Amino acid sequence: MGTVQVLRQTHVTPPPALAEAISSELFERVKMREIPVLLMRQQAATKQWGGFCMPSSYTESDEIVLDARCVERGTWDPQPDAIKVIYLHEAAHRLLPTMDHNGAFLAMALVLYLRAGTDSPLWHRVKLYDVQDEGENAPLAFSWAWKVAHELAASELSAERCAEVIVTRYQEWCTWLAGADERVQARRDAAEAIEQQIKSLKESRWWCALTGFAVGAVVVAAVAVWL
Ligand SMILES: [Zn+2]
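The written sequence of each chain sets the order in which its residues are numbered from 1. The model is predicted, so local features are restricted to residues of pLDDT at least 70 and side-chain atom pairs to those at 80 or more, both for listing and for counting; the totals for chains, interfaces and linings are taken over all residues.

Student: Would you explain the overall build of the protein in this entry?
Tutor: Numbered from the N terminus, helices here are DSSP runs of H or I no shorter than four residues, and strands are runs of E no shorter than two. Helices and strands together make up the secondary structure of the protein, namely seven helices and three strands. When the helices and strands of the protein are listed from N to C terminus, the series reads α-α-β-β-β-α-α-α-α-α. At 32 Å, the protein has a C-alpha radius of gyration far larger than the 17 Å of a compact globule built from 227 residues. Taking the principal axes of its C-alpha atoms as reference, the protein extends roughly 125 × 50 × 35 Å. Per-residue burial over the protein gives 27% buried out of 227 residues. Looking at the protein alone, contacts between residues at least 24 apart form 70% of all its contacts between residues at least 6 apart. C-alpha atoms define the radius of gyration in this analysis, and the globule rule sets the expected value at 2.2 Å times the number of residues to the power 0.38. Remark: C-beta atoms are placed from the backbone, and a residue is labelled buried if 20 or more other C-beta atoms sit within 10 Å of its own, exposed if 12 or fewer do, or partly exposed between those counts. A residue pair is marked as a contact if its C-beta atoms, positioned from the backbone, fall within 7 Å.

Student: In this structure, what is going on with the environment of Trp146? I would like to understand it.
Tutor: Here Trp146 shows up in helix H5 (residues 138-153). As a C-alpha pair, Trp146 and Leu106 span 40 residues in sequence and 8.2 Å in three-dimensional space.

Student: Please explain the domain arrangement of the protein as it appears in this structure.
Tutor: Interfaces are often sized by the amount of accessible area the parts lose when they come together. What the domain assignment reports for the protein is domain 1 (16-178) and domain 2 (185-227). For domain 1 versus domain 2, the separation of C-alpha centres amounts to 67 Å. In this entry, domain limits derive from an automatic or database-based domain assignment.

Student: Explain the sheet that holds strand S3 (residues 64-67) here, please?
Tutor: The pairing of strands in a sheet comes from backbone hydrogen bonds and takes either a parallel or an antiparallel form. Two strands are said to pair when DSSP picks up at least two bridges between them. Spatially, S1-S3-S2 is the arrangement adopted by the three strands of the open sheet, whose pairing is mixed. Because the sheet does not close on itself, it has two edges, and the strands there are strand S1 (37-40) and strand S2 (51-52). Across two bridges, the pairing between S2 and S3 is antiparallel. Opposite Phe52, over in S3, you have Val65 as the bridge partner.

Student: Looking at this structure, I do not really get the packing of helix H4 (residues 103-116) against helix H6 (residues 159-178). What am I missing?
Tutor: The axes of two packed helices give the description: the angle between them and the distance between them. Axes here refer to lines fitted to C-alpha atoms; in helices the fit is confined to the stretch in contact. Angles between the N-to-C directions go from 0 to 180 degrees. Closest axis-to-axis distance for the H4/H6 pair is 9 Å, and the angle between their directions is 150°. When the axis of H4 is compared with that of H6, the two are roughly antiparallel. Considering the relative orientation of H4 and H6, their crossing is right-handed. Where H4 approaches H6, its residues Gly103, Ala104, Ala107, Met108, Val111 and Leu112 are matched on the opposing element by Ala159, Cys162, Ala163, Ile166, Val167, Tyr170 and Trp173. The class makeup of the residues in the contact of H4 with H6 is 12 nonpolar, one polar and no charged. Here is the rule for angles: anything less than 35 degrees is roughly parallel, anything more than 145 is roughly antiparallel, 65 through 115 is roughly perpendicular, and the remaining ranges are oblique. Crossing handedness is read from the near helix: turned anticlockwise from the far helix by less than a right angle, it gives a left-handed crossing, and turned clockwise, a right-handed one. Each residue is assigned to one of three groups, with Ala, Val, Leu, Ile, Met, Phe, Trp, Tyr, Cys and Pro labelled nonpolar, Asp, Glu, Lys and Arg labelled charged, and all others, Gly among them, labelled polar.

Here it is as structure tokens:
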């Protein structure tokens, strides 16, 4: 082995586009503590990621990684909204370390996007990618996350507290969802039972009418014979 490489983090002045996008005003709006940024440069030929969030145990200070190219002038000027979205997506991962791209993650990302958006809304930047782990339940998860996120985004709760609420509610939602098939079957059984009851009532009404008619006829005949 000739040499080894060493990663050494140093503090630098944020590039202007990064400073503009990730400002103290943003942290106030989203009600979140500042999560440090580590700029890294992925291999030139690839554009696989805009950022990523490693588990805290692999970081020096819970930092999240942004691709340096996102904040530098290249073919296009860096886009503040695009930088914000990458940062907030990775921040949502940091706030929910036990969740992947599921309904809870989508709710967290949406809370941050809803709060961060001003004249230029950011909520429409969420993607199906953000909820991909839900599989066939993705539409239900999206609907659940949409409702929860709007409620929490409008609250005074910090983003960290929102994360705790989301985790609790998501576990409750998963339990509710797991019982959905049984509830549908129970409703079907109840509907069938009512249908059977109505049917049997109808039949017994006809029997009563027929019996009443027969008794009446017998009485009339008996009276006629007796007279
Ligand atoms: Zn992600």
